[in-house]
Amino acid sequence: MQTVTLNNGIEMPVLGFGVYQIPPEQTEQTVTDALAAGYRSLDTAAAYGNEEAVGRAIKRSGIPREDLFVTTKLWISDAGEDKAKRAFGTSLRKLGLDYLDLYLIHQPYGDVYGSWRAMESLHKEGLIRAIGISNFYPDRLVDLVDHNEITPAVNQVETHPFFQRTADQEVMRERGVQIESWGPFAEGRNNLFTDPHLSEIADGHGKSVAQVVLRWLIQRGVVVIPKSVRAERMAENLDVFDFALTDDQMTAVAALDTGASLFFDHRDPAVVSRLGNVALGS
Ligand code: NAP
């Protein structure tokens, strides 16, 4: 698997597997299938409610720990130095692991600075190989970078053909932060899988629209973590390393950018309040 080198020298697979919206009772088998398909990077979150099931699948697989790259995320209700340390311990226990590869602040809300201090110290203790953030717009990212010791290794943000984040990616690049896409397929919104421009490119390569989108992101230097509960799609989404988009095709995809989220704007006060009130399950 192709990797990117994070700002602390850690290697991260450029393509991994996301488990958002997979019900806990379906997650163990789905992750088992994903690992059998060849995925070695897994992306979960405390807020997804399926860390224990991910942990069971990891254990069941028998894959050596050092061959895996496991990411989870800290939810807003656990923001703050002490709470973040406790939440990290809970996530680690649920996953059945003794260290994490990547721990992200899931949302840019609450006591982000307290959380970051906790994560810096857990990283220094050797319990997390890399620490990062998610859903940070450039202003919040620069503020965090400029006033803390450790620069986030990764910023996981909504990134797909209809919301491409090229200017945001440039800010991240300047600061040494790796961009990671969530929602690479925009969860199918805007009829992504039947988009005529993407379909034409896909037909030209004998590939699917999903494969073209992942290839386009990887060629832009974006880490991807597509989600699927279906084994044939898991394999399809991994099979993107035997073709390349031409410059003209890259430009054609670039033209699809709307410059706006298809989900929600993290800078909208209503969104800040709504997400800030989402509590974690047990
Ligand atoms: P996504 O990967 O853009 O899209 C998933 C959808 O696409 C599912 O409906 C899946 O259906 C379908 N799909 C997958 N492969 C396909 C293929 N080859 N052909 C046709 N349809 C296909 O959406 P996402 O799950 O929201 O994003 C990916 C990961 O990013 C998440 O799982 C999560 O780990 C992470 N994420 C993070 C945040 C954050 O705030 N940090 C937010 C959202 C997501 P089936 O499952 O039925 O195949």
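Figured I'd write up the structure that's included with this text.

Definitions and limits used
Residues numbered from 1 in each chain as written. Predicted model: local features only at pLDDT ≥ 70, side-chain atom pairs only at ≥ 80, totals over all residues. Heavy atoms only, no water. Axes fitted to C-alpha atoms, helices over the stretch in contact; angles between N-to-C directions. Helix = DSSP H or I, 4+ residues; strand = E, 2+ residues; numbered from the N terminus. Parallel < 35°, antiparallel > 145°, perpendicular 65-115°, else oblique. Left-handed = near helix turned anticlockwise from the far one by under 90°. Contact = heavy atoms within 4.5 Å. Near = heavy atom within 4 Å. Polar contact = N/O pair within 3.5 Å; in protein donor to acceptor, adjacent residues only side chain to side chain. Areas by Shrake-Rupley, 256 points an atom, 1.4 Å probe, with all protein chains shown as cover. Nonpolar A, V, L, I, M, F, W, Y, C, P; charged D, E, K, R; others polar. Buried < 20%, exposed > 50% of the residue type's maximum accessible area, 1.4 Å probe, protein only. Arc of directions from axis to C-beta. Pairing = 2+ DSSP bridges.

Moving on, we get to the packing of helix H3 (residues 81–95) against helix H4 (residues 112–124). Each pair of packed helices can be described by the angle between their axes along with the distance between the axes. Relative to each other, H3 and H4 sit at 50°, their axes nearing to 7 Å. Judged by the inter-axis angle, H3 sits oblique to H4. Two packed elements cross with a definite hand, and for H3 against H4 that hand is right-handed. Contacts from Glu-81, Ala-84, Lys-85 and Phe-88 in H3 reach Gly-114, Ser-115, Arg-117, Ala-118, Ser-121 and Leu-122 in H4.

A word on the site of the ligand. As a matter of local geometry, the ligand sits amid 27 residues, with Asp-43, Glu-187, Lys-227, Ser-228 and Arg-233 nearest to it. A distance of 3.4 Å is found between an oxygen atom of the ligand and a side-chain nitrogen or oxygen belonging to His-106. In this structure, Ser-134 approaches the ligand through a side-chain N or O atom, which is 2.8 Å from a nitrogen atom. The protein chains hide 90% of the 910 Å² of surface that the ligand would expose on its own. For the shell around the ligand, the element with the most residues is helix H9 (residues 231–238), which contributes three residues. Split by residue class, the shell around the ligand holds 12 nonpolar, eight polar and seven charged.

Within the span of helix H6 (residues 166–175), buried status applies to Asp-168, Gln-169 and Met-172. Across the axial projection of H6, the buried residues extend over an arc of 100°, all falling on one side. Relative to its buried face, H6 has exposed residues pointing more than 90 degrees away, namely Ala-167, Arg-173 and Glu-174. Of the surrounding secondary structure, the elements contacted by the buried residues of H6 are helix H5 (138–146), strand E8 (154–158) and strand E9 (178–182). One or two residues past the end of H6 sits Gly-176, with phi positive at roughly 80°.

This next bit is on the sheet that holds strand E6 (residues 100–105). The eight strands lie next to each other as E3-E4-E5-E6-E7-E8-E9-E10, forming an open sheet whose pairing is parallel. Of all strands in the sheet, those bounded by a partner on one side alone are strand E3 (17–18) and strand E10 (223–224). Relative to E10, E9 is paired through two bridges, and the arrangement is parallel. When the bridges of E10 are listed, Glu-180 appears paired with Val-223.

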